[in-house]
Amino acid sequence: MARLTLRNVKKRFKETEVLHGIDLEIRDREFVVFVGPSGCGKSTLLRLIAGLDPITEGSFHLNERMMNDVAPSKRGIAMVFQSYALYPHMDVYENMAFGVRLMGLPKEEIESRISEAARMLKMEELLKRKPRELSGGQRQRVAIGRALVRKPEVFLLDEPLSNLDAALRSEVRLEIAKLHREIGGTMIYVTHDQIEAMTLADKIVVMNNGRVEQVGSPRQLFEKPANSFVGTFIGSPKMTLVDVSRSGNRLGIADGGSVPLDELPDKTPHLKLGVRPDALTVKREAEDGFTASVVYTEYLGDDSYVYARLADGTLVAIRTHPNDIFEPDEAVRINLNGSPVHFFDAESGQRLEPSAVAAH
Amino acid sequence: MPRLRLTGRTLWITALIVPPLAVMATFVAYPIGSALAYAFYDWQGLQRGEFVGLQNFYNVLFTEPFASWTQRAFMHNIIVFFSLMVIQNGTGFILAYALWRELPGAAFHRVAVFLPVVLSTVIIGFLWKLFFHPIFGPVNQIFRGVGLDFLAQPWLGQSSTALGSLIFVNAWAWIGFPTLVFLAGMQRIPTELLDAARMETDSEWVLIKKIVWPLVAPSATVVFILLFIGSFNWFELPYIMVGLDGSPFGSTDVLGLYFYRTAFGNQSAGVQDFGNGSALAVLIFLFIAVVAAFWTVRLRKREIQL
Ligand SMILES: Nc1ncnc2c1ncn2[C@@H]1O[C@H](COP(=O)(O)OP(=O)(O)O)[C@@H](O)[C@H]1O
Ligand SMILES: [Mg+2]
């Protein structure tokens, strides 16, 4: 059992506050991903959970137990570091044995745990090597193995794939997912890459500027982003935000055309319209829609993405059939294709729920 | 066979290499070579006598009273070396660790600890000789002031404490050097490595023993070797503080003082014995060179790549 509860957790380094009150509930066996742009405080939050840095304010409970003042080694939490942080003077076996020996486990138990971890991570033949004799991917395995042998209740992984090359990255990503299924502990995984987050997580915690923007499943975040930050952060290519004004059932840009909608938020003359590339159509000749001028077309085999500039200068991405090739500077019309779109408050960026517009 | 042509380039290189080589030969190689040669002759004062082979070496090692003087001085050097190893390097390591973990006042102490290192040994020697003065010296005055009268001893004046006092002064003066080297070694350890260890143990001692020390040990090589060389060449500090005879009663006599006395004489025994003196110098040199070289090679093997 490992349930983590963070209540109003704040962290200050000297005068600077980098976490501004985090509330978070993590269930047993959950695979949680903290995602957010660089510098938003993901590592800091992870280090607070690990106990490597003290919590300035607020509380962290593991199950029912208050953990704020418990030493890192006594928390039942293991961490895989971004740089792997293997002990350079110990071979792979010793790296893994170091912690479990200190836990006072009997020799046979230590040996069997290490050989099991080595088998799971396919590194039996590496046990006698020193870290400097290993490739990046192998070091990564050792770092995971070192966490594994301690049989912790909670695994923390800080950007574990960021030092691997692209090919290895997706491979190790799959292995981590498999590992989580096999060992079943609670995992907290930090990344700045939303694709990693979407593919791995049961639950994603989107962070920005030391705050949690939204917590939810990948599907929830994608389908109902709580604000414009989450909307643009999750999904690739990015959601475009267009500043629009409402007039009847239409949303328009000044001197840039307008589009009709069946559902709109109430009583807001100005708002942000959030559209993903596959919610839009682009046509050369059309009566209606936003006017735009093509910037370039990105051909990706299965699809193409057309990037066009709206009258107010916003760059918008539209997914099209790969045979639809538009030339730069072509004048086009952009329309909604009926797929879901998102509405955000013009000032706060908070999500606005639409309701059916009364027929005129 | 390629002919060596005196092009501009070779001339230039020759011009750059010859002067330093000449200086080294005149002022380093020649004196060492001649000291080596002197050791094989009989000497009457500054007058060179006959070639006597290994007689001088035999004298200082096996003939009384020289043999027991040599032994006593050598023993003192060994004591100095091991004591400094513990006091100077050991405390240096602890200080470095405290500075590294940013204990309060680290910025000030980083400078304070290193300050005496830049003072000249002559000044330090005189300073502490005054400090240790049995009646007026601040050391004893402080002890008496705080009621520890039994510690108000003639520190430099009695056989039981003289060598210890010298060792203390040396450690005081030089502690900054090992501290700085160890600190530099510690600062090379990546933060995440230490964090990884902290995830596995909350014992500071385990951390030091199993992680910090093994990673810092390579930088200790130079500290150990230099301390070894310094301990067996020890001269200035005892010379200034206790004089050429290693007073009282030779209780602070070390090889450096003993060599100097033998080769150049002193007030009490006005004789100069260049032969025995040179033999001693050669023995000291060989001992230091061989041990230091051997040890360097051994310790280098332990170096760890971070
Ligand atoms: N030890 C520290 N002292 C001062 N500021 C820090 C420290 N560690 C992190 N920060 C600051 O906290 C913010 C969040 O950092 P971090 O948690 O590493 O971000 P992330 O992991 O999301 O990229 C950054 O602005 C960083 O500069
Ligand atoms: Mg980080």
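See above for the structure.
Chemist: Any chance you could break down the overall build of chain B for me, citing the residues and the numbers?
Modeler: Of the regular secondary structure elements, chain B holds 13 helices and two strands. Relative to its length of 306 residues, chain B is extended, with a C-alpha radius of gyration of 24 Å against a globular reference of 19 Å. For chain B, the spread of C-alpha atoms along the principal axes amounts to about 70 × 70 × 35 Å. By the burial criterion, 41% of the 306 residues in chain B qualify as buried. Long-range pairs, those at least 24 residues apart, make up 66% of the contacts in chain B between residues at least 6 apart in sequence. As presented, chain B carries roughly 17,000 Å² of accessible surface, and 71% of it is formed by carbon and sulfur atoms. In chain B, 18 positive and 15 negative side-chain charges are present, and the distance between their average locations comes to 10 Å.

Chemist: Could you give me a rundown of the interface of chain A and chain B, with the residues and numbers involved?
Modeler: In this assembly, 26 residues from chain A lie in contact with 18 residues from chain B. The junction of chain A with chain B conceals about 1,900 Å² of combined surface from both sides, 62% of it contributed by carbon and sulfur atoms. On the surface where chain A and chain B come into contact, there are two salt bridges. Among the salt bridges present, the one from Asp195(B) reaches Arg47(A), with a minimum N-O distance of 2.7 Å. The interface formed by chain A and chain B includes ten residue pairs in polar contact (both at pLDDT 80 or more). Those elements that place two or more of their residues in the side of chain A that touches chain B are helix 1 (42-50), strand 6 (77-80) and helix 2 (92-102) of chain A. Looking at the side of chain A that touches chain B residue by residue, the class counts come to 16 nonpolar, five polar and five charged.

Chemist: For the side chain of Thr252(B), give the residues involved together with the corresponding values.
Modeler: Residues and elements named next belong to chain B. With respect to the helices and strands, Thr 252 occurs in the loop between helix 11 (236-242) and helix 12 (255-264). Note on Thr 252: relative accessible area 0%, which makes it buried. Setting aside residues no more than four positions away along its own chain, Thr 252 makes contact with His 76, Ala 162, Leu 163, Leu 166, Val 242, Gly 246, Ser 247 and Leu 257.

Chemist: So what's going on with a nonpolar patch on the surface? Residues and values would help.
Modeler: Residue and element names in this part refer to chain B. On the surface, a nonpolar cluster with roughly 700 Å² of combined accessible area is contributed by Val 23, Met 24, Phe 27, Val 28, Ile 32, Phe 285 and Leu 286. Of all the secondary-structure elements, those providing two or more residues to the nonpolar patch are helix 1 (8-38) and helix 13 (274-300). Of all the elements, helix 1 adds the most residues to the nonpolar patch, at five residues. With respect to the helices, strands and loops of the structure, Ile 32 is situated in helix 1.

The rules we used
- Residues numbered from 1 in each chain as written.
- Chains lettered and ligands numbered in written order.
- Predicted model: local features only at pLDDT ≥ 70, side-chain atom pairs only at ≥ 80, totals over all residues.
- Heavy atoms only, no water.
- Helix = DSSP H or I, 4+ residues; strand = E, 2+ residues; numbered from the N terminus.
- Rg over C-alpha atoms; globule rule 2.2 N^0.38 Å.
- Buried < 20%, exposed > 50% of the residue type's maximum accessible area, 1.4 Å probe, protein only.
- Contact = heavy atoms within 4.5 Å.
- Areas by Shrake-Rupley, 256 points an atom, 1.4 Å probe, with all protein chains shown as cover.
- Lys, Arg positive; Asp, Glu negative; His and termini not counted.
- Charge placed at Lys NZ, Arg CZ, Asp CG, Glu CD.
- Buried area = accessible area lost by both parts, 1.4 Å probe.
- Salt bridge = Lys/Arg side-chain N within 4 Å of Asp/Glu carboxyl O.
- Polar contact = N/O pair within 3.5 Å; in protein donor to acceptor, adjacent residues only side chain to side chain.
- Nonpolar A, V, L, I, M, F, W, Y, C, P; charged D, E, K, R; others polar.
- Patch = residues over 30% accessible without salt bridge, like charges linked within 9 Å, V, L, I, M, F, W, Y side chains within 5 Å.

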